[in-house]
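Structure at a glance
Below are the chains, spelled out letter by letter.
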Amino acid sequence: MSKVALITGITGQDGAYLTEYLLKKGYTVHGIKRRSSLFNTDRIDHLYQDPHVVNRNLILHYGDLTDSMNITRIIQETQPDEIYNLAAMSHVKVSFDSPEYTANADGIGTLRILEAVRLLGLTNKTRIYQASTSELYGLVQEVPQKETTPFYPRSPYAVAKLYGYWITVNYREAYNMHASNGILFNHESPIRGETFVTRKITRAVSRIMLGMQEKVYLGNLSARRDWGHAKDYVKAMYLILQQDTASDYVIATGITTEVREFVKMAFAEGGVEINFRGEGVDEKGYIASVDEKVFKEKVGEEYLPVILSKKDTVVVAVDPQYFRPTEVELLIGDPTKSKTTLGWEPKYDLPGLVADMMEGDIKLMKKDSYLKDGGYRIMNYFE
Ligand code: NAP
Ligand code: GDD
């Protein structure tokens, strides 16, 4: 009998990678998807199976973390061995605009899952993974951050996730449930949501290099993040639920990088060197030089005249609308526990991640080839 997994947030970045990973391991995967007016299954379309397929091993259910009866019914029907609770209103800046909804989905949503498993008598059968976050460390109390570092959340998102973290610990201790937190630091990919800073940068840089956009406006260029690849991080989620004993783990690379440096690395993928001048809201990024050989190889010879004509022009500027009321300036994780206990080791470093994202977005922005190839559907993430 194959194991049964239930994934909330299956249409998101992590949900898509985890689904493919578990299917390859022989799991039957159930996913919870919100009803929307358009299809929002692009990231998992290459895995989708029609309801009329006999013995299909990927089944989608309509649902929402704010609806406890719906969540309870789906858990009852699917009787999962493992639940991966990845669904969330996951954008930190947006959580300042929708704080109550964020608390409901990200905080109480976690409780709804734990309580459903308990009420259905599944505490001995079902293991639960809770998508906790490095945002819990917020105004960091220790560098680097590890499992014992005190939390200091700095946004409605992080405060909601703080509830999710502690209610998971509480159900583990109160009811002896196999419920674990993965405290994941930022992880990105070619299918990262378009409004997170890395993807915003790789999309914009690709468009600038193809002559489709003049410049990109960003917020705090000095923020530092510990960025890894989502492909590596979903493997850690799986490993956490394979342990005999439930526990909480930091998943990180141990290296931190400024947003400003990420911008330089993205341009450098196409052989374009960027210089930053000015300070604060007046800081700007200029094209300093172009390595024509690299540009031709990575972007295309036909786009070379466009980029050469932009030498010394501004391609990056600061717009304070992207600042946050309270910012998380520095995140850097200590993954010692996950490496020694789980045997988790990331394959991608930051240059590898940037290269993967830039390759994806240059291809995506060359619209003709994107449409011809069928968008996300061409991808087999783990091949
Ligand atoms: P994502 O791409 O934003 O995906 C979020 C998923 O949650 C989407 O499938 C979304 O559905 C779904 N969702 C949102 N609200 C929901 C609701 N009320 N009911 C049901 N589903 C809902 O996020 P991600 O990057 O994959 O992250 C996965 C999880 O890890 C999130 O909980 C996030 O907070 C957490 N996390 C992420 C990172 C990171 O760096 N990526 C780091 C630490 C923790 P739609 O497609 O319909 O919007
Ligand atoms: N989004 C965005 N847009 N962020 C910007 C911009 C911009 O134009 N300019 C600078 N930044 C800065 C933000 O202020 C923040 O300090 C940093 O870039 C990273 O922002 P995001 O990519 O939006 O990610 P995040 O760190 O706030 O949150 C992500 O990682 C968390 C884990 O630490 C999300 O995936 C969360 O769901 C996740 O929990």
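This section reports on the structure supplied with the text. Just so we're clear, the structure is a prediction, and the values are computed from it rather than from any experiment. (Residues numbered from 1 in each chain as written. Chains lettered and ligands numbered in written order. Predicted model: local features only at pLDDT ≥ 70, side-chain atom pairs only at ≥ 80, totals over all residues. Heavy atoms only, no water.)

Details of the sheet that holds strand β5 (residues 127–133)
Condition: Strands qualify as paired when DSSP identifies two bridges or more between them. Helix and strand assignments come from DSSP, with helices taken as H or I runs of at least 4 residues and strands as E runs of at least 2, each series counted from the N terminus. To obtain each axis, a line is fitted to C-alpha atoms, and for helices this fit is confined to the stretch in contact; angles are then taken between N-to-C directions over 0 to 180 degrees.
Here seven strands make up an open sheet; going across it, the order is β3-β2-β1-β4-β5-β6-β11 and the pairing parallel. Since the sheet does not close on itself, it has two edges, and those belong to β3 (58–62) and β11 (248–251), each with one partner. Along the sheet, successive strands turn relative to each other by an average axial angle of 20°, direction set aside. Judged from the five bridges that link them, strand β1 (residues 4–8) and strand β2 (residues 28–33) form a sheet pairing that is parallel. Residue pairing across strands places Thr-8 opposite Ile-32, the latter belonging to β2.

Focus on the site of ligand 1
So the rule is basically this: Neighbouring residues are identified by heavy atoms, a residue being near a molecule or strand if any of them is within 4 Å of it. N or O atoms within 3.5 Å of each other form a polar contact, as long as, within protein, one can give a hydrogen and the other can take it, and as long as residues adjacent in sequence are counted only when both atoms are side-chain atoms. Areas reported here follow the Shrake-Rupley algorithm with a probe of radius 1.4 Å; residue values treat only the protein chains shown as occluding. All residues other than Ala, Val, Leu, Ile, Met, Phe, Trp, Tyr, Cys, Pro, Asp, Glu, Lys and Arg, Gly among them, are scored as polar; the first ten of these are nonpolar and the last four charged.
Every one of the 25 residues lining ligand 1 counts as a neighbour, but Thr-11, Arg-34, Ser-90, Tyr-101 and Tyr-157 are closest to it. Gly-9 has a polar backbone atom sitting 3.4 Å from an oxygen atom of ligand 1. Lys-161 has a polar side-chain atom sitting 2.8 Å from an oxygen atom of ligand 1. The fraction of the free accessible surface of ligand 1 (900 Å²) that becomes covered by protein chains is 89%. At the level of elements, α1 (13–24), α4 (99–119), β5 and α5 (156–175) are the ones that each hand at least two residues to the shell around ligand 1. The leading source of residues in the shell around ligand 1 is β5, at three residues. Tallied by class, the residues present in the shell around ligand 1 amount to 10 nonpolar, 10 polar and five charged.

Describing the nonpolar core
Note the threshold: Think of a nonpolar core as a cluster: buried Ala, Val, Leu, Ile, Met, Phe, Trp, Tyr and Cys residues, connected wherever their side-chain atoms sit within 4.5 Å. For each residue, the accessible area found with a 1.4 Å probe, counting protein chains only, is set against the maximum for its type, and the residue is called buried under 20%, exposed over 50%, and partly exposed in between. By definition in these notes, contact holds between two residues if any of their heavy atoms fall within 4.5 Å.
Among the nonpolar cores identified, the biggest contains 37 residues, and Ile-201, Met-209, Phe-267, Val-272, Phe-295, Ile-307 and Val-316 are the most heavily contacted of them. At the level of elements, α6 (197–209), β8 (216–218), α8 (259–268), β13 (272–277), β14 (284–290), α10 (304–308), β15 (314–318) and α12 (350–365) are the ones that each hand at least two residues to this core. The greatest single-element share of this core, amounting to eight residues, is contributed by α12. Sequence-distant contacts of Met-209, that is, excluding residues within four places in its chain, are made with Phe-267, Gly-270, Val-272, Phe-295, Val-299, Tyr-303, Ile-307, Met-358 and Ile-362.

Some thoughts on the pairing of β15
Most of β15 is tucked away: four of the five residues are buried. Sheet topology note: the β8/β15 ladder contains three bridges and is parallel. Within β15, the residue paired with Leu-218 across the bridge is Val-318. Here three bridges tie β14 to β15, and the two strands are oriented antiparallel to one another. Of the residues in β15, the one forming a bridge with Gly-285 is Val-316.

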